Amino acid sequence: MNAKDLRSLSDQQLGMDREIPRRDFLNGAAMTIGSALLANSIGTNNRSDEPQNHAGYNPPVTSGLRGSHAGSFEIAHGLRDGTFWKNAPAPRALAEKYDLIVVGGGISGLAAAHFYRERAGAKASILILENHDDFGGHAKRNEFHLGGKLQLLNGGTMLIDSPTPYSAVAAGLMKRLGIDPVALDKKCTDHALYRSLGLGSGVFFDRETFGVERLLRSPRGLEEGSAESPETESRWKEFLAQAPLTDAVRRDILRIETQNVDYLPGLSSAEKKARLCRISYKDFLLQIAKVDPGVATFYQTRTNGEWGVGIDGEPALDCWALGLPGFQGLKLDPGSAPHMSYTAAGYARGGSDRFHFPDGNASIARLLVRDLIPGAVPGNSVEDVVTASANYARLDTPGSAIRIRLNCSVVRVRNVALDATNGVGEVEVAYATGKDVFQVRGSACVLACWNMAIPYLCPDLPEKQKEALHYLVKVPLVYASVGLRNWKAFRKLGISNIYCPGAYWNAVNLNWAVNIGEYRSPRSPEEPILVHLSRTPCKPGLPAREQHKAGRMELLVTPFEIFERKIRDQLVHMLIEGGFDAARDVEAITVNRWPHGYGYEYNPLFDPDWAEGEAPHMVGRKRFGQIAIANSDSAATAYTDVAIDQAHRAVGELFSS
Ligand SMILES: Cc1cc2nc3c(=O)[nH]c(=O)nc-3n(C[C@H](O)[C@H](O)[C@H](O)COP(=O)(O)OP(=O)(O)OC[C@H]3O[C@@H](n4cnc5c(N)ncnc54)[C@H](O)[C@@H]3O)c2cc1C
C-alpha cells in the first residue's frame, strides 16, 4: 500500500479482521471479564461468588471498550429514566452494618475511607461500593503484555499535575503513600529519550479539514506557546511553507506566533484581561487579531484536551494562560485575574509538581488500596506498586475493617432516624448487582460518586440542592491505548507526538518513557510500544455544557468497531510514509470511554458570577443528615488533588456536630 491508495481502505487493509486482544462479541454485546462473571453472581448474596473473588479476575488486562464499560452504567441510566424501580426487586437487607459507607471507589472515595479511618481509628468499619469492575474511578490502568513484556498506560487520569500546588492535605496523603513527585520524576522519567532519537512534535493535516493530507514536524514551541527568536521565525516559515494552508493563513499564523503586536492598544493590562475573559479565543483571533478564518481552524482543538471544547468555547484569557499565541505584544501582567477558569487561573500562577506513573494516577489508587486493605496490592514501596498484581479477592473479605465491593451500583441512599428524640441517625444504602438489590446500613455515608447523579440516589434532598447538582455536567473524553509491534514508523518520520487539528483523534503520543522499580519502558524503535490517542467529542458553536452533552451522546452510541476503525485509519494516514501498516503493526487496542469524564469547571463565557456560597457545586455538596458529599465535582473541577481535598472536607463534615 502507498500513500495514493489511502482514500478507501478496506477492513482487510486496516487489519480489522486480525485476531488481537480487543473486545469479544457475544450476540453483539461486549463481554468483559467483569460482565461475564457478573452473570454468575445473579441471585446470590454469597460474597465468595462475587465476580471479584473469581480466580483470574484482573480488569486492567481487559481490552476492548473500557472506561465506562458495559455493565457499569445501565442501572444508573435506569434510575435517571425512572425505569429502575419499576423492574427491580425489593432490596434485601444484609446483616451488615458499617461505621461509614462510601459510594464510589475513585480517588475521592478511597481517600475518604483513609481520612475517616484516621479520625475514627483503625477499627472503623468501612464499605466502599463501586459500580465499575475495578477501583480507581477515572484513575484506571490499562495493562498489556507486548512481546512478553509488561507495558502500561493510563486508561484515564494521566499524571500528577494540577493548576495549583497540592494542598497540605493532598500533599500529606501523597507523602504517606510514599509519593514524592519531584524525586520520582528526576529518578524515573527519561524526558530526553525521544529527543535523543531525533523525534519531536508533529502536526497532522487531514484531508477532510485541510483539503490535502500531510504530516509535518512542527516548529519548536508550537506545543508550549511561541518563543520570539528569529530562529523560531525561520522554523515557522519552513513549517508553514509546507503546510496545506492558503497564503493568507500562513501569513497570519506567522504573525500571531512570532510578532509582538499589541491588538488592544491603549488599554491597561487589567483592562485587557477584563476584555479577554469575556471573548472566546476564536473571536479574539478573528475579531481582535483579525486573522484569516483558516487560522482558527488550525488552532481549533488546541484546548480540547484541557477543557473538552475547542477554541470557540474557551475564553481568550484562559488560552493566554495555556500558552496559545497572539498575546506576546499585549504585555499582560503575569498571574491570574478575575473571571478565569479554575484551570487557567491556577496555571497562570504556576501549577503543581508533576509526575507520570506508567499507569497514570492508577498507581495512586493502588497505593491507597494497599494502605486501606493489607495484602490487596502486595509490596511495600511506591516503586513496586507499578508491577504488583492486585489481589482482587482480598478487597471484600468478611472480618476486614475496610471492604471494597465492585460491580455494585448504589441506587438509593437515605437517612433513617433510629431515635427521633435524640436525633441519632443512620444511613440506609441500597445497591444493585446483577439482578439483585441489597441494602446495608451505616452510621454515615460519603457520596464520592458523580455529583450530577446524586439527585437520583437521594430523592429526599432539598429541591434547590438537587437542581444545583444537576448543573454539574461532566466533560466526555475518550482515551485509546494501542499496542504497536514497533515504532519504526515514528522513528523514520522523526515524530513522537502529533497534534491533529481536524482529525477524529485530536492527539496521538508515544507512551511516556518512565522506568520505575522493575518496570522498563521501551527504548528501541524495534520494540513494541503503546500509543495514546485522545478524542474529546463536542459540538463547536454551542455553549460549553451543551457541547459536553452532545459529545456524551456521541460517545454512548459509538461502538468499539468504529473506534477501532478510526484508530487504524488515522494511524495509517499519518504514518504511511514511515512504513506503517495497521494490519501488521497493531497488536492490541483498549478504548477507554469516559462519557462522564472531567468534573465541570465554570467557564467565564457561559456561567454567571455566582454570589458567595451560591455556586452550584457549593449548594450541591451540602451535608444532608448523615450523608456528606465528596468527589472532585464538589469543587467544580477535575484534578486528583481536588478529589482528595474534597474527601477530607466531606469526612470533616461528618465529624462536626
Ligand atoms: C480521561 C481523564 C483524564 C484525567 N487526567 C487527569 C490528570 O492527568 N491529572 C489529574 O489530576 N486529574 C485528571 N483527571 C481528573 C481526575 O481523574 C479526577 O478529578 C479524579 O480522579 C476524580 O476522582 P473522584 O474520585 O472524585 O471521581 P471518579 O474518579 O469519577 O470516581 C467516582 C466513582 O464513583 C463511581 N460511581 C458513580 N456512581 C456510582 C453509583 N451509583 N454507585 C457506585 N459507584 C458509583 C464512578 O463509577 C467512579 O468510579 C482526568 C479525568 C479524566 C476523565
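Here is a short report on the structure shown in this document. For clarity, every value in this text was computed on a predicted model and none was experimentally measured.

Quick notes on the rules
Residues numbered from 1 in each chain as written. Predicted model: local features only at pLDDT ≥ 70, side-chain atom pairs only at ≥ 80, totals over all residues. Heavy atoms only, no water. Helix = DSSP H or I, 4+ residues; strand = E, 2+ residues; numbered from the N terminus. Buried < 20%, exposed > 50% of the residue type's maximum accessible area, 1.4 Å probe, protein only. Core = buried A, V, L, I, M, F, W, Y, C linked by side-chain atoms within 4.5 Å. Contact = heavy atoms within 4.5 Å. Pairing = 2+ DSSP bridges. Near = heavy atom within 4 Å. Polar contact = N/O pair within 3.5 Å; in protein donor to acceptor, adjacent residues only side chain to side chain. Areas by Shrake-Rupley, 256 points an atom, 1.4 Å probe, with all protein chains shown as cover. Nonpolar A, V, L, I, M, F, W, Y, C, P; charged D, E, K, R; others polar. Axes fitted to C-alpha atoms, helices over the stretch in contact; angles between N-to-C directions. Parallel < 35°, antiparallel > 145°, perpendicular 65-115°, else oblique. Salt bridge = Lys/Arg side-chain N within 4 Å of Asp/Glu carboxyl O. Phe/Tyr/Trp six-rings, centres within 6.5 Å; stacked < 30°, edge-to-face > 60°. Lys NZ or Arg CZ within 6 Å of the ring centre and 35° of its normal.

### Looking at unusual backbone geometry
In terms of backbone geometry, most residues other than glycine have negative phi values and most peptide bonds are trans. The residue Asn-407 is not glycine, and still its phi comes out positive at about 60°. By secondary structure assignment, the location of Asn-407 is in the loop between β10 (402–405) and β11 (409–419). Unlike most non-glycine residues, Asn-631 shows phi in positive territory, near 85°. Here Asn-631 falls in the buried class, since its relative accessible area comes to 7%.

### Digging into the nonpolar core
Grouped together as the largest cluster of nonpolar side chains are 60 residues, with contacts concentrated most on Ile-128, Ile-179, Phe-357, Ile-364, Leu-395, Val-446 and Ile-516. Ranked by residue count, the leading element in this core is helix α5 (residues 107–120), at seven residues. Apart from residues no more than four positions distant in its own chain, Ile-516 is found in contact with Leu-184, Cys-188, Phe-355, Phe-357, Pro-358, Val-382, Glu-383 and Val-386. Counting 46 residues, the second-largest nonpolar core is a separate cluster that includes Leu-245, Ile-288, Ala-296 and Phe-327.

### Observations regarding the pairing of β10
Here β10 shows no split at all, with Ile-402 and Ile-404 on one side and Arg-403 and Arg-405 on the other all buried. As defined by bridge partners, strand β5 (residues 126–129) adjoins β10 across four bridges and the pair is classed as parallel. When the sheet's bridge partners are listed, Leu-127 is paired in β10 with Arg-403.

### Here's the deal with the site of the ligand
Taken together, the neighbourhood of the ligand is formed by 34 residues, with Glu-130, Asn-131, His-138, Thr-157 and Trp-450 sitting nearest. A distance of 2.9 Å separates a nitrogen atom of the ligand from a polar atom in the backbone of Val-410. At 3.0 Å from an oxygen atom of the ligand is found a main-chain nitrogen or oxygen belonging to Tyr-639. For the ligand, the accessible surface in isolation is 990 Å², of which the surrounding protein chains cover 97%. Only α5, β11, β18 (586–598) and α26 (640–655) provide two or more residues apiece to the shell around the ligand. Looking at the shell around the ligand residue by residue, the class counts come to 17 nonpolar, 15 polar and two charged.

### Structural notes on the packing of α5 against helix α6 (residues 168–177)
Following both chains from N to C, one finds α5 and α6 inclined at 90°, their axes separated by 12 Å at the closest point. Looking at the two axes, α5 sits roughly perpendicular to α6. For the pair α5 and α6, contact is made by Ala-111, His-114, Phe-115 and Glu-118 and by Val-169, Leu-173 and Arg-176, respectively.

### Quick notes on the packing of α6 against α26
With their axes 8 Å apart at the nearest point, α6 and α26 run at an angle of 105° to one another. Classified by the interaxial angle, the pair formed by α6 and α26 is roughly perpendicular. On α26, the residues touching Val-169, Ala-170, Leu-173 and Met-174 of α6 are Asp-641, Ile-644, Asp-645 and His-648. In terms of residue class, the contact of α6 with α26 is made up of five nonpolar, one polar and two charged.

### Here's the deal with the pattern of salt bridges
Evaluation of the coordinates by the stated rule reveals 38 salt bridges. Note that Asp-252 is salt-bridged to Arg-255, the shortest N-O span being 3.3 Å. Note that Asp-252 and Arg-255 are positioned in helix α11 (residues 247–258) at a spacing of three residues, about one turn of the helix. Across the pair, Arg-255 and Asp-252 agree in class, each one buried. Here Glu-428 makes a salt bridge to Arg-441, at a shortest N to O gap of 3.7 Å. Remark: Arg-441 occurs in strand β13 (residues 436–447) and Glu-428 occurs in strand β12 (residues 424–433); sequence separation between them is 13 residues. Residue classification places Arg-441 among the partly exposed residues on the basis of a relative accessible area of 30%. One network of salt bridges, in which partners are shared, links Glu-50, Glu-96, Asp-396, Arg-403 and Arg-405.

### Remarks on the packing of aromatic side chains
Taken as a whole, this structure holds 26 aromatic pairs when the rule is applied. Here Phe-205 and Phe-210 contribute two aromatic rings whose centre-to-centre distance is 5.0 Å and whose plane-to-plane angle is 85°, an arrangement assigned as edge-to-face. Ring geometry for Tyr-504 and Trp-505: centres 5.3 Å apart, planes at 80°, overall edge-to-face. Trp-505 carries the same exposure label as Tyr-504, and that label is buried. By way of ring pairs, the aromatic residues Phe-205, Phe-210, Trp-236, Phe-239, Phe-298, Tyr-299 and Tyr-499 are connected into one cluster. Its end group placed over the ring of Tyr-499, Arg-302 keeps NZ or CZ at 5.8 Å from the ring centre. Sitting over the ring of Tyr-504, Arg-535 keeps its end group 3.9 Å from the ring centre.

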